[in-house]
Structures are given as structure tokens and as C-alpha cells.
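Survey of secondary and tertiary structure
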Amino acid sequence: MMLSIEKGNLHQVKHVVLVLSGKGGVGKSTITTELALALIHAGKKVGILDVDLCGPSIPRMLRVGKPEVHQCDAGWVPVYADPQQQLAIMSIGFLLEDSDEAVIWRGPKKTALIGQFVSDVAWGELDVLLVDTPPGTSDEHLAVLENLRKHRVDGAVLVTTPQAVSTGDVRREITFCKKTAVKILGIVENMSGFVCPHCSECSNIFSKGGGEELAKLTGSVFLGSVPLDPLLAASLEEGQDFLQAFPDSSTYTAISQIANTLLSSLDA
Amino acid sequence: MTMYFIFIQVCSKSLQERQRQHMARGLPKQKPIAGVKEVIVVASGKGGVGKSTTAVNLALGLMANDQSKSVGLLDADVYGPSVPKLMNLKGNPELTDKNLMRPLVNFGIPCMSMGFLVEEVAPIVWRGLMVMSAIEKLVRQVDWGNLDYLVIDMPPGTGDVQLSITQNIPIAGAVIVSTPQDIALLDARRGAEMFRKVNVPVLGLVQNMSVFQCPKCNHQTHIFGLDGAKELAQTLGVEMLGDIPLHLNIRETSDKGQPVVVSSPDSPEAEAYRRVAAAVVRRLAEHLR
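Residues numbered from 1 in each chain as written. Chains lettered and ligands numbered in written order. Predicted model: local features only at pLDDT ≥ 70, side-chain atom pairs only at ≥ 80, totals over all residues. Heavy atoms only, no water.

- Per an unreviewed UniProt entry, the recorded name for chain B is Iron-sulfur cluster transfer protein NUBPL, and the organism is Cyprinus carpio carpio.
- Annotation of chain B in UniProt includes, under Subcellular location (unreviewed entry), the sentence "Mitochondrion". (UniProt positions renumbered as here; feature names shortened; annotations may be inferred.)

- Looking at an unreviewed UniProt entry, one finds chain A named NUBP iron-sulfur cluster assembly factor 2, cytosolic and attributed to Cyprinus carpio carpio.
- Note on chain A: under the UniProt heading Sequence similarities (unreviewed entry), the record states "Belongs to the Mrp/NBP35 ATP-binding proteins family. NUBP2/CFD1 subfamily."

1. Points about the overall build of chain A
- Summing up its helical and strand segments, chain A has ten helices and twelve strands in all.
- At 18 Å, chain A has a C-alpha radius of gyration in line with the 18 Å of a compact globule built from 268 residues.
- Oriented by its inertia axes, the alpha-carbon framework of chain A measures out at about 65 × 40 × 40 Å.
- Per-residue burial over chain A gives 61% buried out of 268 residues.
- For chain A, contacts bridging at least 24 residues in sequence account for 78% of all contacts bridging at least 6.
- Of the accessible surface of chain A, which amounts to about 10600 Å², a share of 51% is contributed by carbon and sulfur atoms. (Helix = DSSP H or I, 4+ residues; strand = E, 2+ residues; numbered from the N terminus. Rg over C-alpha atoms; globule rule 2.2 N^0.38 Å. Buried < 20%, exposed > 50% of the residue type's maximum accessible area, 1.4 Å probe, protein only. Contact = heavy atoms within 4.5 Å. Areas by Shrake-Rupley, 256 points an atom, 1.4 Å probe, with all protein chains shown as cover.)

2. Observations concerning the overall build of chain B
- Of the regular secondary structure elements, chain B holds ten helices and ten strands.
- If one aligns the C-alpha atoms of chain B with their principal axes, the spans along those axes are about 100 × 45 × 40 Å.
- Put simply, of all contacts in chain B between residues at least 6 apart along the chain, 76% involve residues at least 24 apart.
- In the structure as shown, chain B presents an accessible area of about 13200 Å², 53% of it carried by carbon and sulfur atoms.
- Positive and negative side-chain charges of chain B, numbering 30 and 27 respectively, have mean locations separated by a distance of 7 Å. (Lys, Arg positive; Asp, Glu negative; His and termini not counted. Charge placed at Lys NZ, Arg CZ, Asp CG, Glu CD.)

3. A closer look at helix α6 (residues 182-197) of chain B
Residues and elements named next belong to chain B.
- Its 16 residues give α6 an end-to-end C-alpha distance of 22 Å, which sits within 8% of 22 Å, the value for a rise of 1.5 Å per residue.
- Along α6, the positions that sit buried rather than exposed are I183, A184, L185, L186, D187, A188, R190, G191, A192, M194 and F195.
- Following α6 by one or two positions, N199 has its phi on the positive side, about 60 degrees. (Expected span 1.5 Å × (residues − 1).)

4. Focus on the packing of aromatic side chains
- A full pass over the atoms with the stated rule returns three aromatic pairs over all chains.
- Between F194(A) and F212(B) the ring centres are 5.2 Å apart and the planes differ by 85 degrees, which places this aromatic pair in the edge-to-face class. Of this pair, F194(A) sits in strand β10 (residues 194-195) while F212(B) sits in strand β8 (residues 212-213), on two different chains. Take F194(A) and F212(B): they sit in the same class, and that class is buried.
- Here F242(A) and F246(A) contribute two aromatic rings whose centre-to-centre distance is 5.4 Å and whose plane-to-plane angle is 40 degrees, an arrangement assigned as tilted.
- For F246(A), a relative accessible area of 26% gives the class partly exposed. (Phe/Tyr/Trp six-rings, centres within 6.5 Å; stacked < 30°, edge-to-face > 60°.)

5. Focus: the UniProt feature "binding site: [4Fe-4S] cluster" (unreviewed entry) in chain A
- This chain's UniProt record puts "binding site: [4Fe-4S] cluster" (unreviewed entry) on C196(A) and C199(A).
- One can find C196(A) in the loop between β10 and β11 (202-203).
- We classify C196(A) as buried; its relative accessible area is 1%.
- Residues in contact with C196(A), not counting those within four places in the same chain, are E201(A), C214(B), C217(B) and H219(B).
- Mapped onto the secondary structure, C199(A) falls in the loop between β10 and β11.
- Overall, C199(A) belongs to the partly exposed group, its relative accessible area being 24%.

6. Focus on the UniProt feature "binding site: ATP" (unreviewed entry) in chain A
Residue and element names in this part refer to chain A.
- Following the UniProt record, one finds the feature "binding site: ATP" (unreviewed entry) at G22, K23, G24, G25, V26, G27, K28 and S29.
- Along the chain, the position of K28 falls in helix α2 (residues 28-41).
- Classification of K28 as buried rests on a relative accessible area of 6%.
- Setting aside residues up to four positions removed in sequence, K28 forms contacts with V19, L20, S21, K23, D132, T133, P134, P135 and V159.
- Topologically, S29 is positioned in helix α2.
- Looking at S29, the relative accessible area reads 12%, which means it is buried.
- Those residues within four positions of S29 in sequence are excluded, and the remaining contacts are S57, I58, M61 and D132.

Below you can see the structure in the form of C-alpha cells.
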């Protein structure tokens, strides 16, 4: 009897990928959202688990609003972003009464909720479950890893912006992954260069190449660079599917390449 | 036998009394930091909006506007300490005779950060309780000397660190930093609400990365949206302390550890930070009244 309970809600999830950074504001939620959309366009069933309890950004980026979270025999039913149920999401954003409410919790409470998010959400059949994390290396990250140990974590994608203040923090995160035996699937350099829409001059506002250098330095795979694109920022504000709306942009190419590389390394 | 029962009754009474005292303890009492006149926290809720950059340049701006003031900088971001990089400081702090840590100084600002106590690549994988104790040390076991202002650079989020600091130290005011995007403002609003809940006055909002001017054609792009923070300030009923543009110079000087207020004091970016510092001083004075 115990064995069948242990199989649990992650049993039919083929791959679990953490999206980590260490540094705040580099685009973890953005990259998680875009990767999820890219994988869906490639015909996969995807889930997003948003464990950023203090600043849940996923519901806003996918414009799922404030649906009610229902319970079923196996636990919580995730919220689906599309009628075909190809994208399942769970976030604390759905559980707050007031979306402006501040979640001012200490570690143990966060750990308890994340435990529930991992084991008590009826994900069903998924090709990939992406886990969007908050910055740092704290209770949330430890809770997610501990609870996912029973299942399997394929690895982590690390997101950074090119500048030194960011790569410094991401280096710590890489050490964290090595210490906790989480495979590093690759590094994504976000906000890498800005192309002026008027004159097409490229300005490296947040520097350039820092992510690639970090990958070389630590012996990790470099998945690719995503440019700083105001259209991407605006799409996320609106909850629009950027990849469908702007398939000709260089940002689209960058994200698609990263998603494809990620899929091949997962399926390998 | 009677003596025995009387003894038990007396013991249980004092036990009850002790229990009552324990329950009445409630929240920790706020204790000011020795030698520090006013504590200003720079927070957000959202990561990566420029809290550390703003905290560093605010501290330098406060000194630039009034050379007689002494300003200190505490980096409370235990997981991702950015102050060492931004202030070009490295090394383990020395201990004084009284076993207090001596802050590292650059540009006239004494600084303390977790970054001075650990290796550059070592992650701080700590749960909340350990973080609380570390913050206590970074606040109390430092020989700050006499400071007019202590600027505290907060980490993102609304969790253990924020609670520990606001519960343990009396704070003169909070500066909330945000970029114009909705996704950042959502978190900034939560940050502001948290300060209201713990009775810390919100001095105002700083809108960071407001606009980018192409160095070649001078075309202005609002990469992260337009004026979102100004609207939030109005909704929350707080003041706009300033508007900082997205300028390569700020990032370049930050990466080099030469904050823009001291390395390019005549630039518009440095001027923007000095204006924020002046607004902060004015708001602090207003609040005292």
C-alpha cells in the first residue's frame, strides 16, 4: 500500500528541470515562461511549478488571472493556461485572496507549503515540469530539492545577465548545484545586448558575454543568449504569447534554440 | 504531607507565573544600533531592480550633498551580497578589542556584508533561522562608530531577513526601488505593504531603469515600460523620490566598483542619485515632525 502512495503525483512527469539563478531580476520567470511556451509549440505537455512564494510572477506572465484551485482525490488540480490543457501551473498566486497581499513568512512555513506543492498537486502526464525559483539559496530551494529527491531532478538551467554583479551570484549557485548533486543542464545569458529600434545600434547595457564566460569557467554548457527586447517585456506585461506574436524576431530564434538544446539533452 | 502539598502548590504557582511571562514576551523588542542615528532601508520585494546599486549611490549621495554627515552601508543580502563588488571591497574584517568587527571602508563609507565573511564562490545555503542569527551579527557585532545614517541594502522578497530587521531595529524609513514594469511593481507593492504592516514609514519610491537613450542616435526607449512606478506611488499615496535612467555608465562603473556618484559626479545619473538622497533627507525630516 505504501508503495503506491509513494508513486505519487510526479509519477507521470517525465522530466523535472529547475530554473535557478542566485541573482534576482535576471529573468528566471521570463525564461521559464518562454521555455514552457516553446516546448508547447513543439508539441510537449508542460507544467510550471512556481515556488517563488514572496514574488510569484508566473500567473501574471501567463495571464491566467485568479482562478480557483480545485481539489481532487490526488490533491490540488493545477490551473491550466490553455483549453487544450497543455500547460499546467501551480503558484501561490492562485491561493492568495488578494493578489496584492504580501506573503511575509519565515522559512518553516515556506518549506511546508513547497512540500505540498511538490507532492500534493495532481500534475498528471507531463513531458517537462519546470520549477521557477526565487533568487538565493534558501529554504525554498532546499525544500524543493528535498521533496523532489523521491522523484528525480534532471537538472537545472541557470539564468544570468552578463554583468559581474550577476555572474558573481550565479557562480555561488553553480557551487550549490555541485554540492547538492544537481546536474547543470546549461547557462542562459539573458538581457544580452539591446538593439535600438530606431537606428539598430547594439548597446550592451548590462554588458555582454558574462554568461558565456561563466559557462567556460565552470565547465558548464552554454545554452545561448537572449537579447534585451522591449517587445518581450511588453508581451509578458500583457500575458501574451511572445513566440506566437513575434516569430521573426532574433529573440524568438534565441529562445527556440535554447529550448531545442534543452530538449535534446533531456531526451539523451 | 501537608508541607508536601503546599510545596507543590508553590512550585506550580511559580511555574504558571513563568509561563505567563513567557507568553507575554511576544515579539522581540526593538533595540537601536549603538552610535547610529537613523536607519534607512532600501528594499523592493522584486529582485534585480537595482536595490544595491541604489543603496550604494544613495549612501554616497547623502555624503556628497552634506560633507559633514557620516554614512554607513550594511549589506543584508546574505545570499547574494553585491556590496563588496559595487564598493570594490574585499577581505575579512578585523576584530576590535571588544570583539566587534571593523567595517571595511571605501569612498568614506564603512561597509559590512556577508560577502566579506565568505569566499566569492561559496553559496550560503542556510535556512531562515541561521540567516536570522547572521543578520544579528552583521548588525550588532560591528563597530559602526558614530553614524548619522546607516543605509541597509535589503535582499529581494518579504521573508526572514525583512522580518528580522524590521522587528529588531527601529527604522527611520524605507526607500522602495522598482522598475516601471508591472511584474516588478506587483512585488514592490507587496514590499510596501509589508512595511506598513510592521509600522515602518515608507519614505517613497525610486523608479529605476526608467528610460534608455541610445548613445548613437539619442532615441529614447522605455524598455521596461513607462512611468509605472509613478502610478504606483500615487496609488500607495507615497512620494516619488526620483527617477534613474538606464545608462551604460551606471552598470560599467558598478562592475568596476567605482559607483557613479563618485566616479562621474557631474553626470546626469550621479545628479539623479544626489536628488534622491536630498529627497530622502527631506522626507525623514518631515516624518520626524
